[in-house]
6 protein chains.
Amino acid sequence: MSDLQQALRADGRRADQLRPIRLIRKYTRHAEGSVLVCFGDTQVLCTASVEERVPPHRRGSGGGWVTAEYGMLPRATHTRSDREAAKGKQSGRTQEIQRLIGRSLRAVFDLEALGERTISLDCDVLQADGGTRTAAITGAYVAAHDACSWLQAKGLLKAWPLRDAVAAVSVGIVGGFPMLDLAYTEDSSCDTDMNVVMTGRGGFVEVQGTAEGDPFAREQLNGLLDLASKGVSELVALQGQALAA
Amino acid sequence: MSDLQQALRADGRRADQLRPIRLIRKYTRHAEGSVLVCFGDTQVLCTASVEERVPPHRRGSGGGWVTAEYGMLPRATHTRSDREAAKGKQSGRTQEIQRLIGRSLRAVFDLEALGERTISLDCDVLQADGGTRTAAITGAYVAAHDACSWLQAKGLLKAWPLRDAVAAVSVGIVGGFPMLDLAYTEDSSCDTDMNVVMTGRGGFVEVQGTAEGDPFAREQLNGLLDLASKGVSELVALQGQALAA
Amino acid sequence: MSDLQQALRADGRRADQLRPIRLIRKYTRHAEGSVLVCFGDTQVLCTASVEERVPPHRRGSGGGWVTAEYGMLPRATHTRSDREAAKGKQSGRTQEIQRLIGRSLRAVFDLEALGERTISLDCDVLQADGGTRTAAITGAYVAAHDACSWLQAKGLLKAWPLRDAVAAVSVGIVGGFPMLDLAYTEDSSCDTDMNVVMTGRGGFVEVQGTAEGDPFAREQLNGLLDLASKGVSELVALQGQALAA
Amino acid sequence: MSDLQQALRADGRRADQLRPIRLIRKYTRHAEGSVLVCFGDTQVLCTASVEERVPPHRRGSGGGWVTAEYGMLPRATHTRSDREAAKGKQSGRTQEIQRLIGRSLRAVFDLEALGERTISLDCDVLQADGGTRTAAITGAYVAAHDACSWLQAKGLLKAWPLRDAVAAVSVGIVGGFPMLDLAYTEDSSCDTDMNVVMTGRGGFVEVQGTAEGDPFAREQLNGLLDLASKGVSELVALQGQALAA
Amino acid sequence: MSDLQQALRADGRRADQLRPIRLIRKYTRHAEGSVLVCFGDTQVLCTASVEERVPPHRRGSGGGWVTAEYGMLPRATHTRSDREAAKGKQSGRTQEIQRLIGRSLRAVFDLEALGERTISLDCDVLQADGGTRTAAITGAYVAAHDACSWLQAKGLLKAWPLRDAVAAVSVGIVGGFPMLDLAYTEDSSCDTDMNVVMTGRGGFVEVQGTAEGDPFAREQLNGLLDLASKGVSELVALQGQALAA
Amino acid sequence: MSDLQQALRADGRRADQLRPIRLIRKYTRHAEGSVLVCFGDTQVLCTASVEERVPPHRRGSGGGWVTAEYGMLPRATHTRSDREAAKGKQSGRTQEIQRLIGRSLRAVFDLEALGERTISLDCDVLQADGGTRTAAITGAYVAAHDACSWLQAKGLLKAWPLRDAVAAVSVGIVGGFPMLDLAYTEDSSCDTDMNVVMTGRGGFVEVQGTAEGDPFAREQLNGLLDLASKGVSELVALQGQALAA
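Computed from a predicted model, the values in this text were never measured in an experiment. (Residues numbered from 1 in each chain as written. Chains lettered and ligands numbered in written order. Predicted model: local features only at pLDDT ≥ 70, side-chain atom pairs only at ≥ 80, totals over all residues. Heavy atoms only, no water.)

Q: With reference to specific residues and values, describe the overall build of chain A.
A: Along chain A, the regular secondary structure elements total seven helices and nine strands. Its C-alpha atoms give chain A a radius of gyration of 18 Å, within 12% of the compact-globule value 18 Å for 245 residues. Principal axes of the C-alpha set define a box for chain A whose edges measure 55 × 40 × 35 Å. Relative to its 245 residues, chain A shows a buried fraction of 62%. (Helix = DSSP H or I, 4+ residues; strand = E, 2+ residues; numbered from the N terminus. Rg over C-alpha atoms; globule rule 2.2 N^0.38 Å. Buried < 20%, exposed > 50% of the residue type's maximum accessible area, 1.4 Å probe, protein only.)

Q: Summarise the UniProt feature "domain: Exoribonuclease phosphorolytic" (unreviewed entry) in chain A; cite the residues concerned and give the values.
A: Residue and element names in this part refer to chain A. The feature "domain: Exoribonuclease phosphorolytic" (unreviewed entry), as annotated in UniProt, sits at residues 17-147 and 164-231 in this numbering. Summarising residues 17-147: 30% helix, 31% strand, and an end-to-end C-alpha distance of 30 Å. With 29% helix and 43% strand, the stretch residues 164-231 has end C-alpha atoms that lie 17 Å from each other. (UniProt positions renumbered as here; feature names shortened; annotations may be inferred.)

Q: I'd love a proper account of helix H5 (residues 132-153) of chain C, names of residues and values included.
A: Here H5 of chain C contains 22 residues, and its C-alpha end-to-end distance of 31 Å stays within 8% of the 32 Å for a straight helix at 1.5 Å per residue. Looking one or two residues beyond H5 of chain C, the residue adopting positive phi is Gly 155 of chain C, at roughly 70 degrees. (Expected span 1.5 Å × (residues − 1).)

Q: A description of the environment of Glu 186 of chain E should follow, citing residues and the corresponding values.
A: All names here are of chain E. Structurally, Glu 186 is set in helix H6 (residues 184-188). In this structure, the C-alpha to C-alpha distance between Glu 186 and Val 174, residues twelve residues apart in sequence, is 6.6 Å. Side chain to side chain, Glu 186 and Arg 9 meet in a polar contact 2.8 Å long. (Polar contact = N/O pair within 3.5 Å; in protein donor to acceptor, adjacent residues only side chain to side chain.)

Q: Describe the packing of helix H3 (residues 92-106) of chain C against H5 of chain C, naming the residues involved and giving the relevant values.
A: All names here are of chain C. One can describe the packing of H3 onto H5 by two numbers: an axis separation of 10 Å at closest approach and a directional angle of 40 degrees. Judged on the interaxial angle alone, H5 and H3 are oblique. Pair H3 / H5 crosses with right-handed handedness. Residue-level contacts link Arg 93, Ile 97, Leu 100, Ile 101, Ser 104 and Leu 105 of H3 to Thr 132, Arg 133, Ala 136, Ile 137, Ala 140, Tyr 141 and Ala 144 of H5. Among the residues making up the contact of H3 with H5, the classes are represented as nine nonpolar, two polar and two charged. (Axes fitted to C-alpha atoms, helices over the stretch in contact; angles between N-to-C directions. Parallel < 35°, antiparallel > 145°, perpendicular 65-115°, else oblique. Left-handed = near helix turned anticlockwise from the far one by under 90°. Contact = heavy atoms within 4.5 Å. Nonpolar A, V, L, I, M, F, W, Y, C, P; charged D, E, K, R; others polar.)

Q: Go over the pairing of strand S5 (residues 118-127) of chain C with me, naming the residues and quoting the values.
A: A regular strand carries its side chains on alternate faces of the sheet. Residue and element names in this part refer to chain C. Most of S5 sits inside the fold, with ten of its ten residues counted as buried. Where strand S3 (residues 42-51) meets S5, nine bridges bridge the pair, whose relative direction is antiparallel. The residue of S5 that forms the bridge with Ala 48 is Leu 121. In this sheet, S5 lies alongside strand S4 (residues 65-72) in parallel orientation, the contact comprising eight bridges. Across the sheet, residue Val 66 finds its bridge partner in S5, namely Ile 119. (Pairing = 2+ DSSP bridges.)

Q: Tell me what's going on with the side chain of Arg 133 of chain B, and back it up with residues and numbers.
A: Residues and elements named next belong to chain B. Structurally, Arg 133 can be placed in helix H5 (residues 132-153). Glu 96 is the oppositely charged side chain nearest to the buried, salt-bridge-free Arg 133, at an N-O distance of 4.6 Å. Residues contacting Arg 133, with those up to four places away along its chain left out, are Arg 93, Ile 97, Leu 100, Asn 195 and Gln 208. (Lys, Arg positive; Asp, Glu negative; His and termini not counted. Salt bridge = Lys/Arg side-chain N within 4 Å of Asp/Glu carboxyl O.)

Q: Please set out the pattern of salt bridges residue by residue, giving values where relevant.
A: Inspection of the entire model under this criterion finds 143 salt bridges over all chains. For Glu 32 of chain B, the salt bridge goes to Arg 75 of chain A, with nearest N and O atoms at 2.7 Å. Residue Glu 32 of chain B is found in the loop between strand S1 (21-25) and strand S2 (33-39), and its partner Arg 75 of chain A is found in the loop between strand S4 (65-72) and helix H2 (84-87); the two belong to separate chains. Side by side, Glu 32 of chain B and Arg 75 of chain A carry an identical accessibility label, which is buried. Linked by salt bridges that have partners in common, Arg 9, Asp 11, Arg 13, Arg 19, Asp 129, Asp 181 and Glu 186 of chain A make up one network.

Q: Describe the relation of the copies chain B and chain A, naming the residues involved and giving the relevant values.
A: Least-squares fitting of chain B to chain A yields an RMSD of 0.0 Å, with the transformation described by 0.0 Å of translation along the axis and a rotation of 180 degrees. Expressed as an axis order, the relation between the two copies is that of a two-fold axis. (Least-squares fit on C-alpha atoms with pLDDT ≥ 70 in both.)

Q: Can you tell me about the UniProt feature "binding site: phosphate" (unreviewed entry) in chain A, naming the residues and giving the values?
A: Residue and element names in this part refer to chain A. In the numbering adopted here, UniProt assigns the feature "binding site: phosphate" (unreviewed entry) to Arg 93, Gly 131, Thr 132 and Arg 133. A maximum C-alpha distance of 13.3 Å is found for the annotated residues, which run over 41 residues; spatially they form one tight group. Assignment of secondary structure puts Gly 131 in the loop between strand S5 (118-127) and helix H5 (132-153). Since its relative accessible area comes to 16%, Gly 131 is described here as buried. Leaving out residues up to four positions away in the same chain, Gly 131 has contacts with Arg 19, Thr 42 and Leu 182. On the secondary structure map, Thr 132 appears in helix H5. Classification of Thr 132 as buried rests on a relative accessible area of 6%. Not counting residues up to four positions away in its chain, the partners in contact with Thr 132 are Thr 42, Val 44, Tyr 70, Met 72, Arg 93 and Val 125. There is a polar contact of 2.6 Å between the side chain of Thr 132 and the side chain of Tyr 70.

Here it is in structure tokens:
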């Protein structure tokens, strides 16, 4: 890796280096799982709520459901953004993100083992500095794990419902160089932005890459996937440490 | 005060005692003022955002505006409540509270001194255990003070726009006894619930008392106002300490 | 009382005098209770509708429910205001008022005696001149009473469900003087505005006082409560006369 | 006309007879025109509000606009209907009716003579017994006339903006017989329902006929139009008397 | 008919002549009935969907329901109009039209014979050149007929549920002359616009006439009804040919 | 490729074969570009509308904007789905798709060359059989090209604003085998679903892959990208042929 590439990152990170990651469990009291996840200055509160009911399309199936909602406090960002509850609707961006979080978590859940109940994952961004959706997925997994442990401790599970870990990271081409875990200033100036969701065993759950400026070539895509795989494997290790603590 | 009355409080407090109060400034990075306020287990993040525009009814007046919005994270409460952004509207309760916060803060602002700009106070409940609106007002004052200091440091103020401090506390009659700063279990079982907003010099800004069960008598009302005055004067002192830190 | 104080009231009233009050029963045909209440030029049509169902949180309880909705015709006011049905939502002010009316009426209802049915109180302002919410509560009680009589006449009640009368009045400090039952011009220029809801036996149901300008002192609050008690006792007498007619 | 046909009307009216009509001007204080119109037990409050602005498509045209909104109090009807403001939208029926009222009034207005301002006609049904839209049009004309007189008295009109009177009536085939001005029980059991809007000089502005059961024949249509012409000419005479009073 | 009158029609039609009519069945694959109806350049896709449920007011009745929805693609028109789904509500015009289509189709249905199921008619305008609602009704009848044949072929009908055909056409007074089946430029410049819905046996289902400029006289109304009767009888013949194909 | 793999496709296609593609220009009259695109039984009407205004964030920039909206007729699908305009909001899926179409088209536009105007792409699905979003992007490019030619013919363009072609295709792993351009039954049973948007020169604009069941491995991802590249290059050739016709 060149000197130039390193110089590009304002916070002194290497191109393939994650920001400092924190996963603080039991962050609030009431939820069955409650995790504050920090990817550098990005802070997302992820709670997992167990509810003894399922949406209509799952009723009577014997199996459960996992769903997610995403929100951002109005002043989580550099300039204040409108409160979605006051505007009366969620933006397309918000809906995209919460659908992504829900699909990502369901990818590692055995919904039959969960039983006919719902785990709702609420991911609320307290402070944003890029990568809120990937932090949310990474934190939501830990919160969901705690909710499963709570169910297990109560004797409510027939079998352990998590088949694998799941975590996510952003990668992008900034100033021509592939970089891992983009902070806000990197994200807003990048040519290509990609979010990658992977399991603990290294399978891909979601790959979403977008050319912001020029289209990207196949070899660039390959480089980004390499970086993402490295990043997610580190995140999964950190999830394991947090859950072992 | 009788022994009985003391025994009534689950957390061992005296009837006239506040819960442990914390006012943590600079809690998040982007806002001009950002305060986490805790009244025991009730935790509210209050941010103050300065915007160089005013609502239509203030345009061209030379004076500013102060407004507030209130929200509760879905799992701030014992059981998960619906996300207002997803439902597409704010409840009547939410609107009542945010109107109260806005009026309370405007009561101590000199809007002419503020200049033609807006301070938006966002009060988001991370964890609820009763008294979220009174905690929000108490924390929002500190956040607003920090935003004013930020404006002053930038040389944008003609005069200091805060005329006094403002804080709020709940009081209620629980099991026949008047009590200060009700926690959730006290609040939900009380006969009368009153929220009192006062200034640093002891003037009343808002008094909102509601009989939940039997109507309350004039002497009970007087007892509640005595308790509230004591509580607010302690809160104002704590605001001063936090701002001096 | 000084000469000055009297001179302050544009309509020649004494400071402690209600406006002319009218309570016209059977104002419209279809509702089980229908009352036009006038506090001077403020005219509110209050209807009570009996429906043989209850909201979800009361189902199967054996007990009933009492709820209220409030509206203002677009040209009830000096300048036309937008129609809430056309805007697609009720304002925060409307929701605050209808929640207040509902709580006030429930305070005097024995919901078990009512049986598993709902009384809906619709309070629609035909003409506004200050004090619409207090007129609405005062009129809604009479309409609710008529609806209970209708139920009783049909043999549908196990026991009489009204435990007491309830009425409301506004008080305020105008030009430094406490005054009863503010008309619009008084209300919009007052320093402190307070709405007080009380029962026939003199208990307080709601006290909502707001400093519009300077905060108010404890002795001012006491003076306002004295005035309000006098006003409500007169209103309760007038309710009794109307119901006896 | 047969004896049978007369016997069909519950209120003793002849088939070609209007219900008792009342047009009470200056019913409320604030509006530039305010008329309570009664067609028997149908009571509609029609206010005309003058506003010194026009909708975007009329800006800069020098000409004005006339528009209408329609609402029904929740308990104007036999059973309580939902409040549209609370539901968050106006029904298709409400929108149809208010569009009809607006078109009908614009048909007799010289919008250039009105000048670049808007007259908003709010038609709110206090009590419904069939024919609310036709009563609303008939009353709105009188309210609009009063608003024009108010403008003229202020010297704000270049020329008188009303070119003719406008009124409306319902007709229908009930039990096989054509009848004028249907009351609710007649309307809900009729085979064909027609609303006819005509000018003072006898021109048709709107004809809206609907077969509720069997289709209607051309000769039936002709009979209904005869009845409607008779009814509207009587209504126009009553409007003239009311405006002369 | 004068030479002048003929010259008025831009497309060379006689005053009493329909545009070229097409009724293309099985236009899309999934619906039980799917018809593209063209009145000249006006093209409306009408689908009939059979659903084995009925709205609440029909449940348990044994009988069915027929309903309609209407939409216009944003660029069906000369200039792009806003997408109603994006605006979050249907216009008053859209609601009026879809209520008219629903009523018109129900006028020829024997809902008991249909059985407890719903036929939903979706009428979506692909290209608009005037008369979209009348084309929609005419095409929806053919689609509904196909859906009934589908039900009959499956043995799901006790009796054939269509009692008659139904079709619709617009007529209007353009430049003083009555004309049949107005194209957009005729419609937007006409003095009077009337939509007439009739059955195959010549009964009237709906007559909706509106004076756009001057009111219309009784003899003009008669002339329009004559034209409409001629047009609908031709349309009904074309429906029959399409269904026989 | 094995025999097994071929046998898997219900319509007899090879795994790497597109469905029959049609691109019918000038499908409707009013739009500046109007293309019916068919990917087998999937039919999407794509119109391009030129409007001489830009959204707020582009005003005064001298440059233009390209945006897209997506809709599906209620009975485009096997079973009828609710009309979004009637429900009052667009689903998260709809918003995701229309954001994707807009980004994809903007990737090949030189917005400065377009000038300060907007091209709105409306993509409405008349019939759905899988791959509606990729068909929409492919058709929208042709419609946008026609709109640019229309602008050029009017002399309104400083420079040709399209830098490249853009097209899209879905790929997926069905029954363990990678397949190109999935039909509905393939899509709903596939393990992994990926939509790939590429330019005429072979650059990637969007890659969105989702594991529906098991996570997918890197080599599977590579195989899917190979298939997609093949498919898009064929689609771009077909776009060129359509535009040359």
